[in-house]
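Descriptive structure summary
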Amino acid sequence: MTRDPLSQEERVRPRSEERLRPRPAGRAREVPAEGLRYLRAEWTKLRTAPETVWLVIGIVAATVGVGLVVALNMPCTTAVCGGDPTKAGLTGVQLGQAVVAVLAVLAIGGEYGTGMIHGTLAAMPRRTGILAAKAVVVTAAVAPAAVVAVTVAALAGRHILPAGVPTSTVVRAAGGSVVYLVLIGLLAVGVAAVVRNAAAAVGVVLALLFLFPVLAAAAPDPTWERHLLQAGPMTAGLAVQATTGLDKLPIGPWAGLGVTAAWAAAALLAAAIALEARDA
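What this report covers is the structure whose coordinates are included nearby. Owing to the predicted nature of the structure, the values given are computational and were not obtained by experimental measurement.

Describing the nonpolar core
- Counting residues in each nonpolar core, the largest one holds 63 residues, and the members touching the most others are Leu 131, Tyr 180 and Leu 181.
- Listing elements by their share of this core, those giving two or more residues are α3 (26-48), α4 (50-72), α6 (93-114), α7 (116-123), α8 (127-160), α9 (167-195), α10 (198-218) and α13 (253-277).
- Residue contributions to this core peak at 15 residues, all from α9.

Printed below as a string of structure tokens:
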């Protein structure tokens with residue numbers, strides 16, 4: 001009987017080479033599938049909540065409305081307005097961020113208020129996966145509303161208050177404002193997961209946003225005032241809206257946005273640790 005040469009080769013093949021053979025990727029495929037299941041579940045909950053649509057509309061209305069009021073009441077008698085007209089037109093972001101915070105807090109805090117969080121954790125045991133899914137769906141809800149609101153506010157402000165700055169600078173201010181609103185949403189998600197109470201979480205987020213400028217205004221030392229403005233998630237992040245006098249800012253536009261991103265990342269990390277450490 002003729003011996004198959006391949007079978008002889010297989011008998012002498014080293015075991016280390018055998019371990020290099022590709023193995024079924026069934027378990028590897030389960031992770032993305034589970035992630036998609038979490039995303040679908042969280043998106044369904046956020047999309048079907050009755051307040052979601054109104055809050056998304058509120059983001060646009062608050063951002064555009066306040067920006068228009070400020071632009072229309074800002075004196076400008078020359079062909080190119082003085083000051084920073086672009087930043088003035090984007091003033092509504094300061095109110096829009098409060099609506100973003102409420103929307104993001106309700107995405108997770110509302111479940112603690114109704115007790116639904118226990119069913120969520122039973123159906124989806126990976127707690128960090130739930131947090132990540134909530135962060136993604138909040139971003140998916142906030143980002144389009146922020147793009148529409150900031151674009152309309154920036155265009156209207158530029159029409160009402162002509163600014164002598166390059167278009168690229170205006171685009172940076174508008175794009176940075178969109179990113180800022182998304183980061184505030186992520187910050188609110190993290191805070192809500194830690195606090196586990198919607199009303200308290202909204203209060204904590206708003207305190208983080210508005211406490212630093214109040215403390216900076218009360219600081220007797222200009223150095224402390226500058227440091228407080230550099231450290232606050234709102235005062236630092238909104239530096240990205242500035243298009244003139246950049247050398248006089250307490251922090252640069254992109255560096256300020258990085259501070260807000262650090263606050264959001266810290267809140268999400270604290271939320272992940274808290275979710276893993278406690279029962280619900």
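Comments concerning unusual backbone geometry
- Phi angles above zero are rare outside glycine, and Arg 196 is one such case at about 65°.
- Tracing the chain through its elements places Arg 196 in the loop between α9 and α10.

What to know about the side chain of Thr 243
- One can find Thr 243 in the loop between α12 (233-237) and α13.
- The residues contacting Thr 243, other than those within four sequence positions of it, are Asp 84, Thr 86, Val 165, Thr 169, Arg 172 and Ala 173.

Here we look at the pattern of salt bridges
- Under the definition given, this model contains two salt bridges.
- Where Lys 45 meets Glu 42, a salt bridge forms, and the shortest distance between an N and an O atom there is 3.0 Å. You can see Lys 45 and its partner Glu 42 sitting in helix α3, three residues apart, about one turn around the helix.
- On the basis of relative accessibility, which here comes to 25%, the residue Lys 45 falls in the partly exposed class.
- The class for Glu 42 is buried, based on a relative accessible area of 2%.
- Of the charged contacts, one joins Lys 134 and Glu 42 as a salt bridge, the two residues approaching to 2.7 Å between their closest N and O atoms. Note that Lys 134 is positioned in helix α8 and Glu 42 in helix α3, a separation of 92 residues in sequence. Of the two residues, Lys 134 and Glu 42, neither departs from the other in class, the shared state being buried.

Structural notes on a nonpolar patch on the surface
- There is a patch of nonpolar side chains on the surface, built from Val 53, Trp 54 and Ile 57 and spanning about 360 Å² of accessible area.
- Examined against the element boundaries, Trp 54 turns out to sit in helix α4.
- Since its relative accessible area comes to 65%, Trp 54 is described here as exposed.

Rules and cut-offs
- Residues numbered from 1 in each chain as written.
- Predicted model: local features only at pLDDT ≥ 70, side-chain atom pairs only at ≥ 80, totals over all residues.
- Heavy atoms only, no water.
- Core = buried A, V, L, I, M, F, W, Y, C linked by side-chain atoms within 4.5 Å.
- Buried < 20%, exposed > 50% of the residue type's maximum accessible area, 1.4 Å probe, protein only.
- Helix = DSSP H or I, 4+ residues; strand = E, 2+ residues; numbered from the N terminus.
- Contact = heavy atoms within 4.5 Å.
- Salt bridge = Lys/Arg side-chain N within 4 Å of Asp/Glu carboxyl O.
- Patch = residues over 30% accessible without salt bridge, like charges linked within 9 Å, V, L, I, M, F, W, Y side chains within 5 Å.
- Areas by Shrake-Rupley, 256 points an atom, 1.4 Å probe, with all protein chains shown as cover.

So, to be careful, I would describe these as geometric facts and stop short of saying anything about function.
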